[in-house]
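Structural description and commentary
Chain by chain, the residues:
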Amino acid sequence: MTAPRTYQTEAIIIKRIKLGEADRILTIYTPELGKLKAVAKGTRRPKSKLGGHVELLTHSRLMLAQGRNLDIITQAQTIDNFLPIKDDLDRLSRGLYIAELVDSFTGEHIEDRQLFCLLLETLKQLSQSTDYEPVLRYFELNLLDHLGYRPQLRRCTDCNSTLKPDTNFFSCKFGGVLCHDCGFNEPAARPLSINALKVLRLWQNCDFTAARRVRINRELAAELEQIMREYTKYLLEKQLKSTAWLDRLKSEVSPK
Amino acid sequence: MSADSISAAEPISRLIEEFNKLPGIGPKSAQRLTYYLLRAPAGEVSALADAIRNLKEKLALCSVCLNITDSDPCIICRDEERDHTKICIVEEPIDILPLERTKKYKGLYHVLHGVISPTDGVGPDELKIKELLLRLNDGLVTEVILATNPNLEGEATAMYLQRLIAPLGIRITRLARGLPYGADLEYADDVTLSRALEGRQEM
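Residues numbered from 1 in each chain as written. Chains lettered and ligands numbered in written order. Predicted model: local features only at pLDDT ≥ 70, side-chain atom pairs only at ≥ 80, totals over all residues.

1. Regarding the interface of chain A and chain B
Taken together, the contact between chain A and chain B spans 25 residues of the former and 23 residues of the latter. Mapped by element, the contributors of at least two residues to the side of chain A that touches chain B are α1 (83-86), α2 (89-105) and α9 (242-252) of chain A. Looking at the side of chain A that touches chain B element by element, the count peaks at six residues for α2 of chain A. Its residues assigned to classes, the side of chain A that touches chain B comprises 10 nonpolar, seven polar and eight charged. (Contact = placed C-beta atoms within 7 Å. Helix = DSSP H or I, 4+ residues; strand = E, 2+ residues; numbered from the N terminus. Nonpolar A, V, L, I, M, F, W, Y, C, P; charged D, E, K, R; others polar.)

2. Thoughts on the domain arrangement of chain B
Examined at the domain level, chain B breaks down into domain 1 (3-57) and domain 2 (81-176). The distance between the C-alpha centroids of domain 1 of chain B and domain 2 of chain B comes to 38 Å. (Domains from an automatic or database assignment.)

3. Focus on the domain arrangement of chain A
Many descriptions give the size of an interface as the accessible area lost when the pieces come together. Looking at chain A, the domain boundaries give domain 1 (6-83) and domain 2 (129-246). The straight-line distance from the C-alpha centre of domain 1 of chain A to that of domain 2 of chain A is 34 Å.

4. Notes on the sheet that holds strand β1 (residues 6-19) of chain A
Residue and element names in this part refer to chain A. Spatially, the five strands close up into a barrel ordered β1-β2-β3-β5-β4, and their pairing is mixed. Going from strand to strand, the sheet's axes swing by 50° on average, the running direction of each strand aside. Bridge count for β1 against strand β2 (residues 23-30) is seven bridges, and the pairing is antiparallel. Following the sheet pairing, Ile12 is matched in β2 by Tyr29. Together, β1 and β2 form the strand contacts of α2, whose direction differs from that of β1 by roughly 105°. (Pairing = 2+ DSSP bridges. Axes fitted to C-alpha atoms, helices over the stretch in contact; angles between N-to-C directions.)

5. Description of the sheet that holds strand β3 (residues 83-90) of chain B
All names here are of chain B. Ordered in space as β4-β3-β5-β6, the four strands form an open sheet in which the pairing is parallel. Each having just a single partner strand, β4 (107-111) and β6 (171-174) make up the two edges of the open sheet. Going across the sheet, the axis of each strand differs from the next one's by a mean of 25°, ignoring polarity. Pairing geometry for β3 and β4, over five bridges, is parallel. The residue of β4 that forms the bridge with Ile87 is Leu108.

6. With respect to helix α6 (residues 194-205) of chain A
Residue and element names in this part refer to chain A. For α6, which comprises 12 residues, the first-to-last C-alpha distance of 17 Å matches the rise-based estimate of 16 Å (1.5 Å per residue) to within 8%. Ala196, Leu197, Val199, Leu200 and Trp203 are the residues of α6 that are buried. The buried residues of α6 occupy one face: seen down the axis, they fall within an arc of 165°. The elements touched by buried residues of α6 are α4 (132-147), β6 (168-171), β7 (176-178), β8 (190-192), α7 (208-213) and α8 (218-236). (Expected span 1.5 Å × (residues − 1). Buried ≥ 20, exposed ≤ 12 C-beta atoms within 10 Å, placed from the backbone. Arc of directions from axis to C-beta.)

7. Remarks on the pairing of strand β3 (residues 34-40) of chain A
Side chains on a regular strand alternate between the two faces of the sheet. Residue and element names in this part refer to chain A. In terms of strand pairing, β2 meets β3 through seven bridges, oriented antiparallel. Along β3, the bridge assignment pairs Tyr29 with Lys35. What sits between the antiparallel neighbours β2 and β3 is a turn of three residues.

8. Comments concerning the confidence of the model for chain B
Interpreting fine coordinate detail is not advised for predicted regions of low pLDDT. Residues at a pLDDT of 70 or more form 97% of chain B, whose mean pLDDT is 90. As scored by the predictor, the complex reaches a pTM of 0.86 and an ipTM of 0.86. (pLDDT = per-residue confidence, 0-100.)

9. Considerations on helix α3 (residues 113-128) of chain A
Residue and element names in this part refer to chain A. For α3, which comprises 16 residues, the first-to-last C-alpha distance of 23 Å matches the rise-based estimate of 22 Å (1.5 Å per residue) to within 8%. Residues Leu115, Phe116, Leu119, Thr122, Leu123, Leu126 and Ser127 constitute the buried set of α3. In a view along the axis of α3, the buried residues occupy a sector of 130°, so they form one face of it. Facing away from the buried side of α3, by more than 90 degrees, are the exposed residues Arg113, Gln114, Cys117 and Gln128. Considering only its buried residues, α3 is in contact with β1, β2, α1, α2 and α4.

Printed below as a string of structure tokens:
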């Protein structure tokens, strides 16, 4: 038998489950190998040398050894631990939502450097911001864009007419906006305010800094969140588990 | 199942199968345990059987702290010697054992039976948080010690509880997070080290 092969990679830890007495199976997102699962041994013991380096929502440099089934993490060194996310319940909850979104939308072993960069940038932006909704929406839109689900926001997805500055509709089934007339005949479509459409269009085509500069009021934020949530739910055919917690957090204990 | 257990007499193969379900017990260990019991004195075997049966029949949750107990309220909650103004909040009943071993804590406990984990769909309603708030409402408690695990979910739960309890005007403390005794500084992660620096103490 040859010696086990080892390799190094950067990774963001997006999920972890317990394994046996003190081990964990991590789901990590890497630039070169896409999403993969790996075993982190002994991480639940207080004196584990991996410990905090492989905590959820941490950007780390990892050394892995090829295992029979799953690869095994042998060394880990934190690059960025995103402490501002972990120190704040509101940020942390959004961070977990982002991780769940990536985990749900990606398959294993598909290289996607751009997605890795988007995820990394999103966590950076989240740790600096106090207005989380634009960060989340920008991430969702760009994630979908990148995966080939870019919502069509310029023309009516049914009759292809240019949209009038009026209340239009958003349809998950059509993957974009329906004009007033088409939307009226599509019972599953939801009304989309002119402001929401404008903001979505902007976010689809600008960078993160510009996206964060957009100030949206509570009502508009709620509308945008609802649209993106319905659309992701439609595409995934399931509701993300962390959304229930986000709702709970907003309704119950948010200081603002 | 392996061939031997199928060819063995029914009571034997059944016990092997049951042992096999336990964590860390494979088919071979299950066989060894079964044949050991077969040869063991009857008293020893029935003592084991009783112990297993009692585990489910005699145990219940303490109506106060929700620890697992054979008497209600549990031995800790009943103890008049203990400080009834302090409550230490832990994730699981098993977390009480190491805290008790320190012999440093004389207050009461509250077991949450889990931890908030949004991506697993575990929210406050799945935990014993309502019970905790009811306990805090009687005005007797002056300090709540958050002793959830120092990992992401434990911290999230602690931060959530802090928000819930803060309006009640009760002192809220969190177990110090830092370097474990006997550890190496070079392997410490940045979060642990930052916490250790923040919590440094005069010598």
